[in-house]
Amino acid sequence: MALIDVSDLHVRFGEVHAVRGVSFRVAEGESYGIVGESGSGKSTVLRAICGLAPISEGRVTVAGEELGRRRSAGFHRRLQMVFQDPYASLHPRHTIDRVLSEPLAIHGFDDREARILRALDEVGLGRGFRFRYPHQLSGGQRQRVAIARALILEPRVMLLDEPTSALDASIQAEVLNLLDRLRAERGLTYILVSHDLAVVAHMCERLLVMQHGQAVEELTRADLRARAARETYTRDLLAASEGYRPAESIR
Amino acid sequence: MTLLHVENLRVTFPTRQGPAEVVRGVSFTLGRERLGIVGESGSGKSQTGRAILGLTPPPGRATADRLEFDGIDLRAATPRQWRGLRGIRMSMVMQDPKFSLNPVMTIGRQLMEAARRTASRAEARDRAMAMLEAVQIRDPARVFGAYPHELSGGMGQRAMIAMMLIAEPDLLIADEPTSALDVTVQIEVLRILDRLVQDRGMGLVFISHDLRLVGSFCDRVLVMYAGRVVEELKAAELAQARHPYTQGLLNCLPRIEGGRRPLPVLTREEGWAL
Amino acid sequence: MTRTEWLLSEQPASRRQARLGQAYRTWLALKANRLAMVGLTLVLALIAVALLAPWIAPYDPIVGGDLRTDRLQPPSWEHPMGTDDLARDIFSRVIHGARLTLMVVVLVAVIATPIGLAIGTTAGYFGGWIDTVLMRATDIFLAFPRLILALAFVAALGPGIENAIIAIALTSWPPYARLARAETLTIRDSDFINAARLQGASSLRILWGHVTPLCLSSVVVRVTLDMAGIILTAAGLGFLGLGAQPPQPEWGAMIAGGRRFIIDYWWVATMPGLAIFAVSLGFNLLGDGLRDVLDPKARK
């Protein structure tokens, strides 16, 4: 049975119909990608799953629990999210220690010391970072802290919203490797949202292409590598990700 | 023909720990071609572009042994000379159109104002419309009367490019002109720039963090690291880069075809920054 | 390792070191601002004078000297600021008046700041009808000039320094509520607040632990800048006879007392006026400096 089941999801913000009937299933331990350009509704799908955007129509179930307006404490322990901009996702006045100990305090963990140190080690930061403030860290280091914060509750599902698009290429590689390793070690389930087909191809076994709030098509990694896209839009995306080709004329 | 000579360009910012050099002796020449400058954040690529236009933000200071645009020594240029150059003979496109367009003026008025420096009122209007068409805006009449906030990111960026180009500059410095755009729009914007280089013989300095894009778009590439140019090569020969930094940057990108897992990471050596 | 190195360490080893280091960096930034330091000196001088008043003041502030010989003396070595119409030493009265001023400042800050913060952050964070109700109430308070509203309160509560303080505190929170609400609106939808929500943090925890600390600095800056106005309001109430009651040495009441003979005996009203001026200036300079340090957005 699928761990995450999204069927006919609609999200409306007042007049704006951001997601128009998207369905997909993600199995336990799978890494699923959502690709699209800005305004395609790809991030809104993630936000609807985690409760930051309303589910206007349709059903979303995570581990058999159908999600309503209110999310249980257990839900937060099962599912966590990493945001796009590491400069905006950490509280500017909280030390790393505070960032990591807060979720433990909310959920009443007792061995906080050990868990914080383990989380720092796991994301490759080391203990020297524990009492620093976010402004003392680089973008990549901040994103590692955000990953540690998400992992410290030992969730089964991680929602990754463009986790590397604000980072330099070399830092992106490090963070992608970290996410890959953590998934292998902990058997995590990922839903990764990105505008970069190469990142999704590298990280995910299956992916959904979205445009204008609708699903265009679902592909496997093998399809993508074979360039076996059925829809024109996907083919455009694939062509664009190759870089610039001067020979082609637009008219 | 060489349009721009840059020799030993240095940009320094004072900090509490003493002056910090963010550009440390950059030299290159630019003809009527597409020159790419790539590097990661903090490599000094943007400051290099700004320094050429004399736009180093204070309290920073730019110095050079030679900084010459079409025979004009830019180091000794008076404010009056700069006014005759910036926006007319040399222009700059920045990353975010929202910060570069005047929010309380319609696109049309801004375009006409830029064109009015060299043309009459009626002529300026015609040229503004023509330019909007040239940057592939489908409904130029609507965009002409629109305010910047009424445009999408891609439209805004194109309007911005139109504004920079209306004076038909000889040199365009484009600092990450497409990284705020979607990939499909990005390609269209690049086509416009490409055509200007081909048809009008404009010189283009294309500053970007995206090695793959620069490699496929430009003629020549400068790779910057810690304020220095570590390697200069033909874009077509990017795959044969010799400097370990350039190689590392190329290798650490994930590929659709599938590459190594885990991705090779870049190990920086101290020697590169010396 | 010297103390400075310990404070400025890039790798603090404890929560306390991190916090102190952060405070020290703020202090260094404030110290670099010369005008702010002048302001801080003036404010510290007010506190020192207030605390040490009985020891600094050469005479009793209430009981005057010989009414026949010591009335309305000009400033001299014996009476540095002269004497008033009841033969009291103005210097001693100004010094003791610092206590009343400090009390006003501290009490107003302690009462008005939390009210403003709590109402503003709550309204901004929850939005909807909570926001509407709280902000309309705030608007009603804002609609009246502060001194007039304070006058009304004092008239209802009866004259006296305590009632004046309560009246000023009750009339000075609305701008802080507005400010806190505006700040809250800008951070309410930021990713770090979303992250806290996703961890299952309660609204109270988010408000108190995440939103309030970020609003605090701008509100503190605003309170500091408002202090001059608060002192002037207190003095104004004293001047009108609704604040401190005679013979209390309140600066505003002293000016009111000296107003009758300001032409012939200028020092009686001028000296407490200078004290009000110095303290108000001190708070304004300090507030400006704090704004530069704590609120980088407002920097020119």
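Residue positions are given per chain, counted from 1 along the sequence in the order it is written. Think of it this way: whatever chain is written first is A, whatever ligand is written first is 1, and the rest follow in order. Given that the model is predicted, a residue must reach a pLDDT of at least 70 before its local features are reported, and side-chain atom pairs must reach 80 or more before they are shown or counted; all residues, however, enter totals for whole chains, interfaces and linings. Based on all heavy atoms of the structure, the side-chain values leave hydrogens and waters out of the count.

This is how it is decided: UniProt positions are given in the numbering used here, feature names are shortened, and annotations may be inferred rather than shown by experiment.
Going by the annotation in an unreviewed UniProt entry, the name recorded for chain C is Peptide/nickel transport system permease protein, with Cereibacter azotoformans given as the source organism. In its Sequence similarities (unreviewed entry) section, UniProt records this for chain C: "Belongs to the binding-protein-dependent transport system permease family. OppBC subfamily."

The name an unreviewed UniProt entry assigns to chain B is Peptide/nickel transport system ATP-binding protein, from the organism Cereibacter azotoformans. Here is the UniProt Sequence similarities (unreviewed entry) comment for chain B, exactly as written: "Belongs to the ABC transporter superfamily." We quote the UniProt Subcellular location (unreviewed entry) comment for chain B here in full: "Cell inner membrane".

Some remarks on the packing of helix α8 (residues 161-188) of chain C against helix α10 (residues 203-239) of chain C
Residue and element names in this part refer to chain C. The criterion, for reference: For every element, the axis is a line fit to its C-alpha atoms; helices are fit only across the contacting stretch, and the angle between N-to-C directions ranges from 0 to 180 degrees. Here a strand is any run of E in DSSP of at least two residues, a helix any run of H or I of at least four, and the numbering for each starts at the N terminus. Just so you know how the angles are binned, under 35 degrees is roughly parallel, over 145 roughly antiparallel, 65 to 115 roughly perpendicular, and the rest oblique. It is the rotation of the near helix from the far one that decides the hand of a crossing: anticlockwise by less than a right angle makes it left-handed, clockwise makes it right-handed. In this description, contact between two residues means that some pair of their heavy atoms is separated by no more than 4.5 Å.
At a closest axis distance of 9 Å, the pairing of α8 and α10 adopts a crossing angle of 150°. Looking at the two axes, α8 sits roughly antiparallel to α10. When the axes of α8 and α10 are compared, the crossing they make is right-handed. Contacts from A164, I168, P175, Y176, L179, A180, E183, T184 and I187 of α8 reach α10 at V211, L214, C215, S218, V219, R222, V223, D226, I230, T233, A234 and L237.

Looking at the sheet that holds strand β7 (residues 90-93) of chain B
Strand pairing in a sheet is mediated by backbone hydrogen bonds. Such pairs are either parallel or antiparallel. All names here are of chain B. How we decide: For two strands to be treated as a pair, DSSP must find at least two bridges joining them.
Reading across the sheet, the 6 strands line up as β7-β8-β9-β3-β10-β11 and stay open at both edges, with mixed pairing between neighbours. The sheet is open, and its two borders are formed by β7 and β11 (228-234), each paired with just one other strand. Strand after strand, the sheet turns through a mean of 15° between neighbouring axes, direction not considered. Pairing of strand β3 (residues 34-38) with strand β9 (residues 203-208) involves 5 bridges; the strand directions are parallel. Paired with I37 across the strands is I207, a residue of β9. Each of β7 and β8 (171-175) touches helix α7 (residues 153-165); the most contacted strand, β7, lies at about 170° to it.

Section: the packing of helix α4 (residues 107-116) of chain B against helix α5 (residues 121-134) of chain B
Residue and element names in this part refer to chain B. How we decide: Gly counts as polar in this scheme, as do all residues outside two lists: the nonpolar Ala, Val, Leu, Ile, Met, Phe, Trp, Tyr, Cys and Pro, and the charged Asp, Glu, Lys and Arg.
Running from N to C, α4 and α5 point in directions that differ by 120°, and their axes come no closer than 8 Å. On the basis of the axis angle, α4 is oblique to α5. Here α4 runs over α5; the crossing is right-handed. The segment α4 lies against α5, with I107, L111, M112, A115 and R116 engaging R121, A124, R125, A128 and L132. In terms of residue class, the contact of α4 with α5 is built from 7 nonpolar, no polar and 3 charged.

Focus: the interface of chain B and chain A
Heads up, the condition is: Joining two parts hides part of their accessible area as seen by a 1.4 Å probe, and the buried area is that hidden amount summed over both. In what follows, salt bridge is the name for a side-chain nitrogen of Lys or Arg lying within 4 Å of a carboxyl oxygen of Asp or Glu.
Each partner contributes to the interface: chain B provides 30 residues, whereas chain A provides 35 residues. Of all residues in chain B, the largest losses of buried area upon contact with chain A belong to B:R191, B:I256 and B:R261, amounting jointly to 26% of the total for that side. Our count for the chain B to chain A interface comes out at 2 salt bridges. Of the charged contacts, one joins A:R227 and B:E257 as a salt bridge, the two residues approaching to 2.4 Å between their closest N and O atoms. Elements represented by at least two residues in the side of chain B that touches chain A include exactly α8 (183-200) and α9 (211-217) of chain B. In terms of residues, the side of chain B that touches chain A owes the most to one element, α8(B), which gives 7 residues. Of the residues contributing to the side of chain B that touches chain A, the split by class is 14 nonpolar, 5 polar and 11 charged.

What about the layout of surface pockets?
Left-over empty space is what a probe sized like a water molecule reveals as it rolls over the atoms. Quick reminder of the rule: Of the grid points, spaced at 1 Å and generated over the protein atoms alone, those admitting a 1.4 Å probe that cannot get out make up cavities, while open sets with protein on both sides within 12 Å along at least five of seven lines make up pockets; any residue with an atom within 4 Å of a point is treated as lining. Grid points are joined across faces, edges and corners, and a volume is the space filled by probe spheres set on the points.
Taken as a whole, the second largest pocket spans an internal volume of roughly 1600 Å³. Breaking the lining of the second largest pocket down by element, the ones donating at least two residues are α3 (96-106) of chain A together with α2 (15-31), α8, α10 and α12 (267-294) of chain C. Here the element with the most residues in the lining of the second largest pocket is α10(C); it accounts for 10 residues. Partitioning the lining of the second largest pocket into residue classes produces 22 nonpolar, 12 polar and 15 charged.

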